[in-house]
Number of protein chains: 2
Amino acid sequence: MTAYAKLRARFERIAIINEASAMLGWDASAMMPPGGGAARGDQLAVLAGLAHGLLTEDAAAEELAAARAGDDAWSQANLQLMRHAHLRATSLPADLVEAQSRANSACEKIWRRARQESDFKSVLPYLDNVVKLTREAASCLAPRLGLSAYDALMDGYQRGVGAVDVAPVFAAYEKFLRENLAEIEARQASKPPPLRPAGPFPADVQEALCRKFSALVGLDYNHARLDRSAHPFCGGTPTDVRITTRYDEADFTGALLGVLHETGHAMYERHLPAPWARQPVGEAAGMAIHESQSLIIEMQACRRDSFLRFLAPELRAAFGGDPAFAPENLGLLWRRVKRGFIRVDADEVTYPAHVILRFRLEQALISGDLALADLPGAWNEALFGLLGITPGNDAEGCLQDIHWYDGAFGYFPSYTLGAMAAAQLMQAARAEEPGIDAGLERGDLGVLGGWLDRKIHKRASLRGFNELLREATGEALSVAPFEAHLRGRYLG
Amino acid sequence: MTAYAKLRARFERIAIINEASAMLGWDASAMMPPGGGAARGDQLAVLAGLAHGLLTEDAAAEELAAARAGDDAWSQANLQLMRHAHLRATSLPADLVEAQSRANSACEKIWRRARQESDFKSVLPYLDNVVKLTREAASCLAPRLGLSAYDALMDGYQRGVGAVDVAPVFAAYEKFLRENLAEIEARQASKPPPLRPAGPFPADVQEALCRKFSALVGLDYNHARLDRSAHPFCGGTPTDVRITTRYDEADFTGALLGVLHETGHAMYERHLPAPWARQPVGEAAGMAIHESQSLIIEMQACRRDSFLRFLAPELRAAFGGDPAFAPENLGLLWRRVKRGFIRVDADEVTYPAHVILRFRLEQALISGDLALADLPGAWNEALFGLLGITPGNDAEGCLQDIHWYDGAFGYFPSYTLGAMAAAQLMQAARAEEPGIDAGLERGDLGVLGGWLDRKIHKRASLRGFNELLREATGEALSVAPFEAHLRGRYLG
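### Digging into the overall build of chain A
Summing up its helical and strand segments, chain A has 20 helices and 3 strands in all. Against the compact-globule benchmark of 23 Å for 492 residues, chain A has a radius of gyration of 23 Å, which places it among compact chains. With the C-alpha coordinates of chain A rotated into their principal frame, the extents come out at 65 × 50 × 50 Å. Looking at chain A residue by residue over its 492 residues, the buried ones come to 56%. For chain A, restricting intrachain contacts to residue pairs at least 6 apart in sequence, the fraction spanning at least 24 positions comes to 73%. Carbon and sulfur atoms provide 53% of the accessible area of chain A, an area that totals close to 19,500 Å². Here chain A holds 52 positive side-chain charges and 62 negative ones, and the gap between their average locations is 2 Å.

### Observations regarding the relation of the copies chain B and chain A
Take chain B, turn it by 180 degrees, move it 0.1 Å along the axis, and it overlays chain A with an RMSD of 0.1 Å. Taken together, these values place the two copies in the relation of a two-fold axis. The share of interface residues of chain B whose copies in chain A are also at the interface is 100%, consistent with both copies meeting through the same surface.

### Brief notes about the interface of chain B and chain A
Across the boundary between the two partners, chain B contributes 32 residues, which contact 32 residues of chain A. Roughly 2,600 Å² is buried in total at the junction of chain B and chain A, and carbon and sulfur atoms are behind 61% of that figure. In this structure, Asp-27 of chain B and Arg-242 of chain A form a salt bridge, with 2.9 Å as the shortest nitrogen-oxygen distance. Going through the elements one at a time, helix 1 (3-30), helix 2 (37-56), strand 1 (224-228) and strand 3 (240-245) of chain B are the ones with two or more residues in the side of chain B that touches chain A. With 9 residues, the top contributor of residues to the side of chain B that touches chain A is helix 1 of chain B.

### Some remarks on the confidence of the model for chain A
Regions with low pLDDT carry predicted coordinates that are not meant to be interpreted in detail. A residue-level look at chain A finds 100% of positions with pLDDT of 70 or above and a mean pLDDT of 97. The ipTM for the predicted assembly is 0.95, set against a pTM of 0.95.

### With respect to empty space enclosed by the protein
Residue and element names in this part refer to chain B. Counting across every chain of the model gives 4 cavities of 30 Å³ or more. Roughly 80 Å³ of internal volume is contained in the largest cavity. Forming the boundary of the largest cavity are Val-217, Gly-264, Met-267, His-271, Gln-293, Ile-297, Leu-445, Gly-449, Leu-452 and His-457. Elements with a minimum of two residues in the lining of the largest cavity: helix 10 (253-271), helix 11 (287-301) and helix 18 (446-455). Counting residues per element, the lining of the largest cavity draws most heavily on helix 10, at 3 residues. In the lining of the largest cavity, the residues fall into 5 nonpolar, 5 polar and no charged.

### What to know about the side chain of Gln-188 of chain B
All names here are of chain B. Within the secondary structure layout, Gln-188 lies in helix 8 (residues 163-190). Residue classification places Gln-188 among the buried residues on the basis of a relative accessible area of 15%. At 2.8 Å, the side chain of Gln-188 and the backbone nitrogen of Val-337 are in polar contact. Non-local contacts of Gln-188, meaning those with residues more than four positions away in its chain, are made with Arg-335, Arg-336 and Val-337.

### Concerning the environment of Asn-18 of chain A
When you line up the elements, Asn-18 of chain A lands in helix 1 (residues 3-30). Considering only alpha carbons, one finds Asn-18 of chain A and Ala-48 of chain A, 30 residues apart in sequence, at a separation of 7.5 Å.

### Quick notes on the sheet that holds strand 2 (residues 234-237) of chain A
All names here are of chain A. Pairing is mixed in the open sheet, where 3 strands are placed in the order 1-3-2. A strand with exactly one partner marks an edge of an open sheet, and here the two such strands are strand 1 (224-228) and strand 2. Across this sheet, the average inter-strand angle for adjacent strands is 20 degrees, counted without regard to direction. Strand direction decides the pairing type here: strand 2 and strand 3 (residues 240-245), joined by 4 bridges, are antiparallel. In the strand pairing of strand 3, Cys-234 is matched with Ile-243.

### Some points on the pairing of strand 3 of chain A
Residues and elements named next belong to chain A. Of all 6 residues that make up strand 3, 6 are buried, and the element is covered over most of its length. Neither face of strand 3 is open: one carries Asp-240, Arg-242 and Thr-244, the other Val-241, Ile-243 and Thr-245, and all of them are buried. Inspection of the sheet shows strand 1 paired to strand 3 by 5 bridges, in the parallel sense. Residue pairing for strand 3: Arg-225 is matched across the bridge by Arg-242. A loop of 2 residues connects strand 2 with strand 3, the two strands running antiparallel in sequence.

### Concerning helix 10 (residues 253-271) of chain A
An ideal rise of 1.5 Å per residue puts 27 Å on 19 residues; helix 10 of chain A measures up with 27 Å between its terminal C-alpha atoms. Summarising burial for helix 10 of chain A: 16 of the 19 residues are buried, a large majority.

### Quick notes on the sheet that holds strand 3 of chain B
Residues and elements named next belong to chain B. Pairing in this open sheet of 3 strands is mixed, and the strands run 1-3-2 from one edge to the other. In this open sheet, the two strands that pair with only one neighbour each are strand 1 and strand 2 (234-237). Recorded for the sheet is a direction-independent mean angle of 20 degrees between the axes of neighbouring strands.

### Examining the pattern of salt bridges
One pass over the full model with this rule turns up 70 salt bridges over all chains. The partner of Asp-401 of chain A in a salt bridge is Arg-358 of chain A, with the nearest N and O atoms 2.6 Å apart. Within this pair, whereas Asp-401 of chain A is found in the loop between helix 15 (375-387) and helix 16 (413-432), its partner Arg-358 of chain A is found in helix 14 (residues 351-367), the two being separated by 43 residues in sequence. On the basis of relative accessibility, which here comes to 1%, the residue Arg-358 of chain A falls in the buried class. One continuous salt-bridge network, built from bridges that share partners, spans Glu-12, Glu-19 and Arg-278 of chain A together with Asp-42 of chain B.

### As for the domain arrangement of chain A
Residues and elements named next belong to chain A. Taken domain by domain, chain A comprises domain 1 (3-155) and domain 2 (159-492). For domain 1 and domain 2, the distance between their C-alpha centroids amounts to 26 Å. On the surface where domain 1 and domain 2 come into contact, there are 2 salt bridges. Residues Arg-278 and Glu-12 are paired through a salt bridge, measuring 3.9 Å at the closest nitrogen-oxygen approach. Counting across the interface, domain 1 meets domain 2 through 13 residue pairs in polar contact (both at pLDDT 80 or more). Counting residues per element, the ones that place at least two in the side of domain 1 that touches domain 2 are helix 1, helix 4 (73-91), helix 5 (94-116), helix 6 (120-145) and helix 7 (149-155). By residue number, the principal contributor to the side of domain 1 that touches domain 2 is helix 1, which donates 12 residues. When its residues are assigned to classes, the side of domain 1 that touches domain 2 shows 27 nonpolar, 7 polar and 12 charged.

### Notes on helix 15 (residues 375-387) of chain B
Residue and element names in this part refer to chain B. With 13 residues, helix 15 ought to run about 18 Å at 1.5 Å a step, and its terminal C-alpha atoms sit 18 Å apart, in line with that. Buried within helix 15 we find Leu-375, Pro-376, Ala-378, Trp-379, Asn-380, Leu-383, Leu-386 and Leu-387. Each element contacted by the buried residues of helix 15 is listed here: helix 6 (120-145), helix 8 and helix 14 (351-367). One or two positions beyond helix 15, positive phi appears at Gly-388, with a value near 70 degrees.

### A few points about unusual backbone geometry
Residue Pro-200 of chain A follows Gly-199 of chain A across a cis peptide bond; omega there is 0 degrees. Examined against the element boundaries, Pro-200 of chain A turns out to sit in the loop between helix 8 (163-190) and helix 9 (203-217). In this model, Arg-278 of chain A sits at a positive phi of 70 degrees, which is unusual for a non-glycine residue. Look at Arg-278 of chain A and you get buried, because its relative accessible area is 15%. The backbone phi angle of Ala-460 of chain B is positive, close to 45 degrees, even though this residue is not glycine. Position of Ala-460 of chain B among the secondary structure elements: in the loop between helix 18 and helix 19 (465-473). The exposure class of Ala-460 of chain B is buried, given its relative accessible area of 0%.

### Thoughts on the packing of aromatic side chains
To describe a pair of aromatic rings, you give the distance between the ring centres and the angle between the ring planes. Residues and elements named next belong to chain B. One pass over the full model with this rule turns up 44 aromatic pairs over all chains. Centre to centre, the rings of Phe-201 and Phe-252 are 4.9 Å apart; their planes meet at 75 degrees, and the pair counts as edge-to-face. Here Phe-201, found in the loop between helix 8 and helix 9 (203-217), pairs with Phe-252, found in the loop between strand 3 and helix 10; they are 51 residues apart in sequence, far enough to count as distant. Residue Phe-201 is classed as buried on the basis of its relative accessible area of 1%.

### Let's talk about the side chain of Asp-322 of chain B
Residue and element names in this part refer to chain B. Here Asp-322 is to be found in the loop between helix 12 (305-319) and helix 13 (327-334). Nearest to the buried, unbridged Asp-322 among oppositely charged side chains is Arg-316, at 8.4 Å. In terms of polar contacts, Asp-322 uses its side chain to reach the backbone amide nitrogen of Ala-324, at 2.8 Å. The contacts of Asp-322, once residues within four sequence positions are left out, are Pro-197 and Ala-198.

Conventions adopted
- Residues numbered from 1 in each chain as written.
- Chains lettered and ligands numbered in written order.
- Predicted model: local features only at pLDDT ≥ 70, side-chain atom pairs only at ≥ 80, totals over all residues.
- Heavy atoms only, no water.
- Helix = DSSP H or I, 4+ residues; strand = E, 2+ residues; numbered from the N terminus.
- Rg over C-alpha atoms; globule rule 2.2 N^0.38 Å.
- Buried < 20%, exposed > 50% of the residue type's maximum accessible area, 1.4 Å probe, protein only.
- Contact = heavy atoms within 4.5 Å.
- Areas by Shrake-Rupley, 256 points an atom, 1.4 Å probe, with all protein chains shown as cover.
- Lys, Arg positive; Asp, Glu negative; His and termini not counted.
- Charge placed at Lys NZ, Arg CZ, Asp CG, Glu CD.
- Least-squares fit on C-alpha atoms with pLDDT ≥ 70 in both.
- Buried area = accessible area lost by both parts, 1.4 Å probe.
- Salt bridge = Lys/Arg side-chain N within 4 Å of Asp/Glu carboxyl O.
- pLDDT = per-residue confidence, 0-100.
- 1 Å grid on protein atoms, 1.4 Å probe; cavity = no way out; pocket = protein on both sides within 12 Å on 5 of 7 lines; lining within 4 Å.
- Points joined across faces, edges and corners; volume = space filled by probe spheres on them.
- Nonpolar A, V, L, I, M, F, W, Y, C, P; charged D, E, K, R; others polar.
- Polar contact = N/O pair within 3.5 Å; in protein donor to acceptor, adjacent residues only side chain to side chain.
- Pairing = 2+ DSSP bridges.
- Axes fitted to C-alpha atoms, helices over the stretch in contact; angles between N-to-C directions.
- Expected span 1.5 Å × (residues − 1).
- Domains from an automatic or database assignment.
- Phe/Tyr/Trp six-rings, centres within 6.5 Å; stacked < 30°, edge-to-face > 60°.

So, in structure tokens, the structure goes:
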């Protein structure tokens, strides 16, 4: 058995352990009774430790030193990704990883109450510890990866893209917003306000509709489940993908569009190349690309006029003949732009502002340019600069998101990189496949899905972020298609 | 860290891995879409391999050689059970374990069709392989454990009881049957036939009733779930126990009594002593004791007249005022004795005959006294000898149960040992706790539950099978309480 073959077996074993963790993580959010939490934490920690052990034990380093992959690009990329994973895992001392895990858990727990009570001061010492340890981790990773400290953190979520790539597209988008947001709002104000469909919308009818539409996008329920959880997500494994949502009987929008979003994620996992399953090169290319796959379904395809014309009679059949179900009204309703304080409630035009704010502040926190005690003020100032609004309290400001309080720094850019990539991919797909819009008119996402399958899903991690985009669309990440999309939709 | 402390940490880690497997096993039966099966098999195999590796690696043997437990009985029993687990695990060569796993899977798969088509010949070569490998495993285990080959297999399901304990109680029960079954049937025939409640019984109403009654028995849904699966079972872990059932809208009996049965199992897991969680001595004492806990709830408590009087108005409230819900009628209906071919459908009087038959035949198969090709004939002959009936085909005969075809030899006795132990425990509990019956009249199982908690659940694996029974009831396993129970219920 060659060293590379041994590595393949090793990474397969690691992937299988991670599959078990993924299923247990899904269960914890979708099924587990509260009393199971403590034991589940132990189970996930032991499995993480076992996977980490397989990745970092001496034999792995020996195999990596001796390994020669085949001549094909897939094997070579696979070996390179193995080295990368090994490098990341061995760069962090075990006691630092443990300290981070404890600090993140402790901070996240305090944050839940701090957010409720809008009390930033109460969580400040915990967040301070999280940031301190995150900086320490970043400074361990950075020299080994040849990246800046912040980029070393970003690399953990989306390989192959760093602050130097992100900053200019974000700056360009800030300019776009400054030049266009008022006009978008003015145009919207000149139209009649959208009608809101009158509920209630029974949860089981919503669920049946969500199931039908996710299947329409292509999700095969022989390899998938749809369940309920407090926060919608896509989990599980490529052959057994688990999506969740929650049902508000007063408004079905969140569940339906949320399921379409998660279905986009699910299709990516389902379509990853089976011959490379459980190998690093066979995994999804990163969080930003993943987000592009959910947003191209939810935002690019399903909120498009053509699809809304297909959707309207389906809604009438499910919920009765409310005039709010007219396709034009659905467009007004589901493409409404409104500056607000909360990222997760934001429309696609203002959402990037929330991300830009976080991207800038987290860089400053990691570099030390921003003291934590100054975060609330810096947040409010930055939001005012971007959107001209100021939150009434920190719960609507720097306490709103779990990410930092759980130790996730460098993740936020993925949301907007994903939105931009989705627009870029949709533009390229429509240019290459003229049948896409006609398909959407009749609820057929097959042509778009096939294009994504070939250009993104089946490429898995063969290429880095920008190279993947370049091969799919002819260019690296660009803000232009996203802006063109918004101009077409909101200023056309 | 002492060697014993290291062992405690080692067995805790093994137990946590096994918890993960238990949850994934539950998911596979209750949640998983069919397409997830292949990956799940890999996940369970890898986790089993990791647990096995921790149990059998050199360091474990070194720790066991050096370990001294504390003076207390719990620590001493714990260390002894560690040695026992290690001995069993290291007695089987890895390639034999793998070959068994493959042979069992292959045979079980063929068996599913063979049973459908009542075609024993088609599965014969596969079962032959299973039996051959089982005998090989038994012959590896037997000398190391100081047991006979068959007892070494039984030991895998219920430690501390062997054929020499089982054979005389089974022989005594056979005599009881010969002397009393016809009389039981005659008495039953002299009464009016029971009325059958007229359905349909909506599955969601049944489910709510099952949930209510399991909670009444004591199941805390902060630490439990009730779901649906093709074959009801109790799985999960002590702080997160998962019971399942299936709903037949034409007859709620199976679901309701099945859930009460599984709740008995669940209460045992929930009440195991927390300070010994994840240690061998803190586990349930074996399959026969486990079955005694389900049967004491389902058969001894919930089919008793006192409880049926409580249950009747609950059924009327759930399903309407069917005259079949009169307590006397429920007694006739749910304590009906009828000789039949199928073990899982058998009443409590004739059920042991099915087990006695299997106990005798599987001993003969393992010893080689019975050739596999002669199994169908031997089966039919034995059933005729015990119950005076002959199945029309092998699907109703030697093909009906999965156990042997999946490599489980030595398991069947647990069912009847459990039924006998349940009667023995109930007799002792009622003698010590006069409030039990009055409690059942008002649907209160707390007094019985408290007694079981003290005498069985909180004792976990501190004692072997007979010692546990002796400390709880004053004597080792005896058939007399079971016969007395049946006399009282069917000949009183």
